[in-house]
Structures are given as structure tokens and as C-alpha cells.
Amino acid sequence: MEEQQDKKININLTPDVANGTYANLAVIAHSQSEFVLDFISTLPGQRPTVKSRIIMTPGNVKRLLAALAQNVENYERQHGPVQDGQTQDISIPFGFSGNKGDA
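The following paragraphs examine the structure supplied in this document.

Cut-off values and rules
- Each chain has its residues counted from 1, running along the sequence as written.
- In keeping with the model being predicted, local features are shown solely for residues with a pLDDT of at least 70 and side-chain atom pairs are shown and tallied solely at 80 or more, while totals for entire chains, interfaces and linings include all residues.
- Excluding hydrogens and water, the side-chain values take into account all heavy atoms of the structure.
- We count a salt bridge whenever a side-chain nitrogen from Lys or Arg sits within 4 Å of a carboxyl oxygen from Asp or Glu.
- Secondary structure elements follow DSSP: runs of H or I no shorter than four residues count as helices, runs of E no shorter than two count as strands, and numbering proceeds from the N terminus.
- Relative accessible area decides the class of each residue, using a 1.4 Å probe on protein chains only: under 20% of the type maximum gives buried, over 50% gives exposed, and in between gives partly exposed.
- Residues are treated as being in contact if the distance between any of their heavy atoms lies within 4.5 Å.
- Pairs of N or O atoms are called polar contacts if they sit within 3.5 Å, as long as, within protein, a hydrogen donor faces a hydrogen acceptor (for residues adjacent in sequence, only side-chain-to-side-chain pairs).

## Focus on the pattern of salt bridges
So, point 1. Enumeration according to the criterion identifies two salt bridges in this entry.
So, point 2. Between Asp38 and Arg53 there is a salt bridge; the shortest N-O distance is 2.6 Å. On the criterion of sequence distance, the pair formed by Asp38 in strand E2 (residues 35–41) and Arg53 in strand E3 (residues 49–56) is long-range, its members being 15 residues apart.
So, point 3. One salt bridge connects Glu73 with Arg77, and the closest N-O pair in it is separated by 3.5 Å. Of the two residues, Glu73 and Arg77 are both situated in helix H2 (residues 58–79); the distance of four residues between them amounts to about one turn of the helix.
So, point 4. What makes Glu73 partly exposed here is its relative accessible area of 42%.

Given below as C-alpha cells:
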């Protein structure tokens with residue numbers, strides 16, 4: 001069997017990106033060839049604002065989904081179950097729909 005070597009990627013993280021952007025809502029749409037992920041910040045008394053839009057191929061979204069699942073599992077193993085905090089229906093604002101598949 002061949003040993004797999006860790007592939008290292010030299011990633012540049014600029015200071016403005018390193019600070020991060022707060023988002024407490026994500027709206028996801030898709031077409032046959034891409035997924036569009038809008039990360040939104042919405043606070044009481046303020047109009048919700050898209051803070052970042054990420055466009056990915058279906059294959060990359062599937063890899064992201066697996067990576068997120070693994071990270072949540074690791075987190076819960078270390079810190080206990082994550083509470084999703086959903087006690088009511090959350091309606092998607094501005095007529096967006098994650099179900100239509102329009103991008």
C-alpha cells in the first residue's frame with residue numbers, strides 16, 4: 001500500500017479577512033452547475049444585509065458538507081451536543097428560497 005502524504009497548501013490570509021464577518025443566517029440556492037451561499041447578518045431594528053456570497057460547484061459543496069459534519073462531530077465530542085436554538089419557524093427574507101434551485 002502506498003502511504004498518503006499530507007498535501008499542504010500555502011494560504012494567504014489578509015488581516016481584513018482574518019477578522020472575519022459575523023453572519024447569523026444563511027440562504028442557499030442552486031442551479032445545475034453551482035450553489036450560491038449568502039451569509040447574512042440580521043439584528044433587531046436593522047435591515048438584514050448579505051455580508052458575503054460564496055459560489056461553489058456541487059462537488060465542492062459536497063466536500064464542504066462532509067468537512068462541516070466532521071467538525072461538528074469533533075466539536076460535540078469535545079464540548080457536548082450543539083443546541084440548534086430553533087424553537088420557531090424561521091422564514092427566509094426578501095422572497096429568497098433555498099428550495100427552488102435558482103441561482
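## Concerning the side chain of Ser41
So, point 1. Locating Ser41 in the fold gives a position in strand E2.
So, point 2. Judged by relative accessible area, which is 11%, Ser41 ranks as buried.
So, point 3. In contact with Ser41, other than residues within four places in its own chain, are Tyr22, Ala23, Asn24, Arg47, Pro48, Thr49 and Lys51.

## Thoughts on the side chain of Asp38
So, point 1. Exposure remark for Asp38: the relative accessible area of 3% places this residue in the buried category.
So, point 2. One polar contact links Asp38 to Arg53, side chain to side chain, over a distance of 2.6 Å.

Coordinates in, geometry out; function isn't part of it.
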